[in-house]
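One letter stands for each residue in the lines below.
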Amino acid sequence: MSTSKRSLKGFQKRKREMKAPYLGQISLFWCDYCNAPLLDNIECDICKNKGHKIPVSPPGDIRPAFADDYITLWKCIDKLFGKRVGETLLPTSKIALLSRIGGLDRTEEVIVDGKIIGILQFNILINDFEFLPKMIGGIFIFKIQEALNLLPKKHIILNTDGIPFILNGKSILAPGVENYSEDIKKGDHCLIISKDNPSGNSQCIAIGVARENSSNFQEMLEKNYGELAKNKAHLNLSTKNENTNIEFDLNQKLYDSNDDFEQINKLILLSLKQAYQTNYQYLQRKIKKSLKFIKRTIEEIKKPVAVAYSGGKDSLGVLLLVWKVLDRNFKIFFADTGLELPEVLENVQNIAKDLKMESNLIVESANDIFWDLIESFGPPGRDYRFCCHSLKAQNIMKIINNIYGGEKVLVFLGQRQYESLNRMRSKKVYVNSFIPLQIAATPIKSWNALTLWLFILFEPVKDFESESLLDVSITPLYYKGHERLGCYLCPASNLSNFKLLKTSHPKLYERWFSFLNSYAQKHKLPKEWVQYGLWRFKQYSPQWKNFADSLNILIDYNSPDSSAPLNLNIAKGFSQNSDSDFSIKGKFSHTLIIDDFLRFLPALNKDFHWDEVNGIIDINSEFKKKPYSLKIFIDGSFILNSKEKEFDFYKLTELLMGTVSRSLYCNNCKTCVNVCTQNAIKSESGKIIIENDKCINCYDCITHCPFFQLAKKAIENVNF
Ligand SMILES: [Zn+2]
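Residues numbered from 1 in each chain as written. Predicted model: local features only at pLDDT ≥ 70, side-chain atom pairs only at ≥ 80, totals over all residues. Heavy atoms only, no water.

Some points on the overall build of the chain
Thought 1: When you go through the chain residue by residue, the secondary structure sums to 24 helices and 30 strands.
Thought 2: For the chain, the spread of C-alpha atoms along the principal axes amounts to about 95 × 75 × 45 Å.
Thought 3: The long-range fraction of contacts in the chain, counting pairs at least 24 apart against all pairs at least 6 apart in sequence, stands at 67%.
Thought 4: For the chain, the exposed area adds up to about 33,000 Å²; of that, 49% sits on carbon and sulfur atoms.
Thought 5: Charge-centre separation for the chain: the mean point of 94 positive side chains lies 4 Å from the mean point of 81 negative side chains. (Helix = DSSP H or I, 4+ residues; strand = E, 2+ residues; numbered from the N terminus. Contact = heavy atoms within 4.5 Å. Areas by Shrake-Rupley, 256 points an atom, 1.4 Å probe, with all protein chains shown as cover. Lys, Arg positive; Asp, Glu negative; His and termini not counted. Charge placed at Lys NZ, Arg CZ, Asp CG, Glu CD.)

Concerning the packing of helix H12 (residues 369-377) against helix H13 (residues 386-404)
Each packed pair of helices is defined by two parameters, the angle between the axes and the distance between the axes.
Thought 1: It is at 11 Å that the axes of H12 and H13 come closest, and there the two elements cross at 150°. As the angle between them shows, H12 and H13 are arranged roughly antiparallel. Crossing of H12 over H13 shows right-handed handedness. The segment H12 lies against H13, with Ile369, Phe370, Leu373, Ile374 and Phe377 engaging Phe386, Cys387, Ser390 and Leu391.
Thought 2: Among the residues forming the contact of H12 with H13, the class breakdown is 8 nonpolar, 1 polar and no charged. (Axes fitted to C-alpha atoms, helices over the stretch in contact; angles between N-to-C directions. Parallel < 35°, antiparallel > 145°, perpendicular 65-115°, else oblique. Left-handed = near helix turned anticlockwise from the far one by under 90°. Nonpolar A, V, L, I, M, F, W, Y, C, P; charged D, E, K, R; others polar.)

A short note on the coordination of the zinc ion
Thought 1: The zinc ion binds to the protein through Cys31 (SG), Cys34 (SG), Cys44 (SG) and Cys47 (SG), with metal-donor distances spanning 2.2 to 2.4 Å.
Thought 2: Taken together, the 4 donor atoms coordinating the zinc ion span angles of 96 to 116° at the metal, a pattern that classifies the geometry as tetrahedral. (Donors = N, O, S within 2.8 Å, 3.2 Å for Na, K, Ca; no water. Tetrahedral: all angles 85-135°; square planar, octahedral: opposite > 155°, others 65-115°.)

Structural notes on the packing of aromatic side chains
Thought 1: Counted by the stated rule, this structure contains 32 aromatic pairs.
Thought 2: For the ring pair tryptophan 544 and phenylalanine 547, a centre distance of 5.5 Å and an interplane angle of 75° mean the geometry is edge-to-face. Of this pair, tryptophan 544 and phenylalanine 547 both sit in helix H19 (residues 542-550), 3 residues apart, roughly one helical turn. The residues tryptophan 544 and phenylalanine 547 share a single accessibility class, namely buried.
Thought 3: Aromatic ring contacts, followed pair by pair, group Phe370, Trp371, Phe498, Tyr509, Trp512, Phe513, Phe515, Tyr519, Trp529 and Trp535 into a single cluster.
Thought 4: It is lysine 428 that lies over the ring of phenylalanine 293; its NZ or CZ is 4.2 Å from the centre.
Thought 5: In this structure, arginine 511 packs its charged tip against the face of tryptophan 371, placed 3.8 Å from the ring centre. (Phe/Tyr/Trp six-rings, centres within 6.5 Å; stacked < 30°, edge-to-face > 60°. Buried < 20%, exposed > 50% of the residue type's maximum accessible area, 1.4 Å probe, protein only. Lys NZ or Arg CZ within 6 Å of the ring centre and 35° of its normal.)

Laid out in structure tokens, this is it:
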């Protein structure tokens, strides 16, 4: 059927586009004189020199490393390469940056001394972080090991014959190896060392990934046969041209990461301040541009102004910018999802106090709604986020309705394009159909995380009246490894976040994971579904599908139970019945609960005839200005006819399926009440009522129903 093929093509196109991770311009430069980052190809504001470009991988949302990041890196590096190596490579006196890249879980490039020295990644199989050195990182680590007189760790030492092969990218084979350290485990990233290079010194010339444990190496050397390690990276022209004469302070004070946390963080922030100075004018330009946007938008929109504050860094940035424009003449909205970390709630109150805006702060809490919703929705997923709409959007709508009596409000948001594809594509001013009363504006859309951090950490905040400097509270969780705040059980979280939550907030962790465990038990889902966070998806991306397949994890979501998802079978596909009549026949997997179905049907079509005796609903109407007839039977089957070949059978069937799922699963989450711009939907004694005379059949309430996402997905797999 042509229409379904069209939408299928559209779907595949969308899928392809999702692979492109470029979310914004990636620009990171480094001033080698000041050993500090430059946010663009600019002159350093301290020494007036230009920097060199750092080839950061997309999406390029570079952020500063904080105390917990340093400590994690120290531990990972020391574990592999020896005590003190991590802290010598990455002392608190140097700025370290992290840049998120693609991966199953948290995966970040580590930048220090103007080089990408390696990758910090959370390995979900071992439930811990690991450090994977890049070539330049290997060179530095080896230098430090030698300078600290450490015993060789994770070394494979080449003989003279082996060196040229490795420099040509060949594997590390037994005939080219002279010796090795005995601590190597299969899969380890090892330093491949040449002893006899022209300068006479030992040098790390490659990074290898061990094929075997080193206990098996001796046999390989004796037989003079076998591959010890795969060549992951080796010295080449570009690494040879890089400046490797970095100074390492071998006598610096070492910190006890547990006891000295505050001290470590203080020193790191002190170092980071240098980046504020090297980028000073760039930052001022960036700030000025955003302030101009805020002023212009306020003038153009002419509505009351608010900032949606979340306790996170992005909305803090926006709050401070709007403050610079309006003084205290705006409101601060905080939509508490009921799933916020206590430090976040505290920060919201602190910020209002810091800015002397307590009376401008409006908090609306969803309390325990989430825990009611999951009883019928199950856990939320990255591709199934009923929670954002039901919790966040409803709270904001409530606030706007209460304070402004249904008038539209201009709300500044801290969204940034580097966060996701959706955010990159959204306009700088827009109305989200889930919150029709909110005109959203995004003044820091083009900022990367480093720009934002330098602004909120170091740009002075002045009181308008007294001109005195204000101290602005930043949620300390950021320094403690929480790279993202928000609902603590958000399906967008990495497993590294949940590991952290387990120790930082054990009670919250326990509540969520006991729900997941009992849900898994009830639905006969394997333990890996909880363990590897597979609950975070309704449908797996290829990456996650491969992961699940590699562990032989089979998940059958269609296990029969009362809450089994609605499915559709097309009994007779798109066909021409007579010269002038096209039709499809289908049957839903569930029989209709007729009273509920009739309650929701008006949103699809108001002119229907209900034949109670025979259990048939008859509709003769138009869809997208083309006539059709539809018979729906109480057993869940239907026949859809049109005389027009170009009739959009697919879309109408999708809306019908959405209406059936609403009628079966509606749990009164009220998302539809909020999205209706006509005030045609109300909730009365736990039931959704659609008022016929007000409804304009825009279908927004059908397509915004959380269950519509599932219906839509089910229908994508149906063969029309
Ligand atoms: Zn400089």
